[in-house]
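# Residue-level structural notes
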Amino acid sequence: MRPIERDLLRFKEIVRGEVKKRAREFLTREELFGQVEGRLVSIPLPQLELPKIVYGEPLGEDLGLGGPGTESLGPAGHVPVAELELEEFLDLVGEALRLPRLRPKGEGEVTEEAFRYTTIARKGPRGLRHVRRTLKESLKRALITGEYRPEEPLLVPEREDLRYKAPRSKPRPHAQAVVLFALDVSGSMREEELRLVKTLSFWITLWIKRHFPRLERRYLLHDAEAWEVTEEEFFRAREGGGTRLSSALLLAEEILKRYPEAFYNRYLYHFSDGENWQGDTPVALEALRRLLPTLALYGYAQVQGPYGQGRFLEDLKEALGKEEGLAAMEVHGKEDLPLALRRLLGG
């Protein structure tokens, strides 16, 4: 191995180690959110700057140092960064946070045509010409006609000798999924709670998409009633009024009819502070009893509201806590995000 290749491998290990070491920090770095929508993720690489003593200046002043262990800047005053493929970045974060691998539930897949060049044809583009098969056909023709001379084995392929690589279609099962996010935007939900929801929704989406590239996303808002919105509206909406948790579950049930469980792995995530209108909780629990057997996972995250904690999480655990496919978690702040992410993904 050449020294430059050895140095490159060492650099990649440093980057991988930096991602795993700072995985919890990356969860809350909102500047990464736009980046990981592409194929590359920028990873800051802090370095230690050695002290430089300048004659005539008081020790420790105007040295460009902010104290021991200061991160040095690269050219133009920027922190040095490295880039990772999105898939590798997610795998490293998942390994560090012990996120569960998601597996298709039931069939949950469609069949699509996959084409591989495994056959031979007499016609095709020049770039797909199969040299070996062409020479073989030319040799066979020369032997049959008596043109072949062992002492002068020259083969000149003719038009009928030409052979080309050709595709053959092969059915390939492909897992797909749909994820619905439902958010309580009643007056009791503050900016802090909504920021936690945004962070959880973002990383849940990325992790599911890592396992199911064919992922469809739907977004619901609700207070006393529920309605469907775009992704942008989901994170920017501000509403008021009371809360009926069942409204979101009933609308989700209606939307999921368009995604048969035989062909989709169906995920439903619900975020609320747990406050609910009196008499609505039995309706919500009944809707969940119907939904749970058809879902790959139902995740409920209850965030701390300004007026205390609601009771829906307790009622949910008491009624359906032993049901398969239920993941419920109480989230007080960003320090709970790593555990909440793991729990809500079924870990």
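Structure shown above.
Thresholds applied
Residues numbered from 1 in each chain as written. Predicted model: local features only at pLDDT ≥ 70, side-chain atom pairs only at ≥ 80, totals over all residues. Heavy atoms only, no water. Axes fitted to C-alpha atoms, helices over the stretch in contact; angles between N-to-C directions. Helix = DSSP H or I, 4+ residues; strand = E, 2+ residues; numbered from the N terminus. Parallel < 35°, antiparallel > 145°, perpendicular 65-115°, else oblique. Left-handed = near helix turned anticlockwise from the far one by under 90°. Contact = heavy atoms within 4.5 Å. Nonpolar A, V, L, I, M, F, W, Y, C, P; charged D, E, K, R; others polar. Buried < 20%, exposed > 50% of the residue type's maximum accessible area, 1.4 Å probe, protein only. Pairing = 2+ DSSP bridges. Expected span 1.5 Å × (residues − 1).

### Comments concerning the packing of helix 9 (residues 281–291) against helix 10 (residues 312–320)
Remark: helix 9 packs on helix 10, axes separated minimally by 11 Å, with the N-to-C direction vectors making an angle of 45°. As far as their axial angle goes, helix 10 and helix 9 are oblique. Classified by chirality, the crossing of helix 10 by helix 9 is right-handed. Where helix 9 abuts helix 10, its residues Thr281, Ala284, Leu285, Leu288 and Arg289 lie against Phe312, Asp315, Leu316, Ala319 and Leu320. Residues belonging to the contact of helix 9 with helix 10 are distributed by class as follows: 7 nonpolar, 1 polar and 2 charged.

### Side note on the side chain of Arg141
Tracing the chain through its elements places Arg141 in helix 5 (residues 131–145). Under the relative-accessibility criterion, Arg141 is labelled buried at 15%. With residues up to four places along the chain from it excluded, the contact list for Arg141 reads Glu147, Val156, Glu158, Glu160 and Asp161.

### Some details on the side chain of Thr243
Among the secondary structure elements, Thr243 is positioned in the loop between helix 7 (231–236) and helix 8 (245–256). Not counting residues within four places of it along the chain, the set of residues in contact with Thr243 comprises Asp184, Ser186, His222, Asp223, Ala224, Glu275, Asn276 and Trp277.

### Digging into the packing of helix 6 (residues 191–211) against helix 11 (residues 337–344)
In the contact formed by helix 6 and helix 11, the axes pass within 10 Å of each other and the chain directions differ by 50°. Viewed along their axes, helix 6 and helix 11 adopt a mutual orientation that is oblique. For the pair helix 6 and helix 11, the sense of crossing is right-handed. In this structure, helix 6 contributes Leu196, Thr199, Leu200, Trp203 and Ile204 to the contact, and helix 11 contributes Leu337, Ala340, Leu341 and Leu344.

### Structural notes on the pairing of strand 6 (residues 226–229)
Alignment of strand 5 (residues 214–222) against strand 6, held across 4 bridges, turns out to be antiparallel. Paired with Leu221 across the bridge in strand 6 is Trp227. Here strand 5 hands over to strand 6 after 3 residues, the two strands then running antiparallel side by side.

### Considering helix 8
Here helix 8 spans 17 Å end to end across 12 residues, near enough to the 16 Å set by a 1.5 Å rise per residue. Among the residues of helix 8, those classed as buried are Leu245, Ser246, Ser247, Ala248, Leu249, Ala252, Glu253, Ile255 and Leu256.

### A short note on unusual backbone geometry
If you check the backbone angles, Arg98 has positive phi at about 60° while not being a glycine. Here Arg98 is to be found in the loop between helix 4 (86–97) and strand 3 (109–121). We classify Arg98 as exposed; its relative accessible area is 58%.

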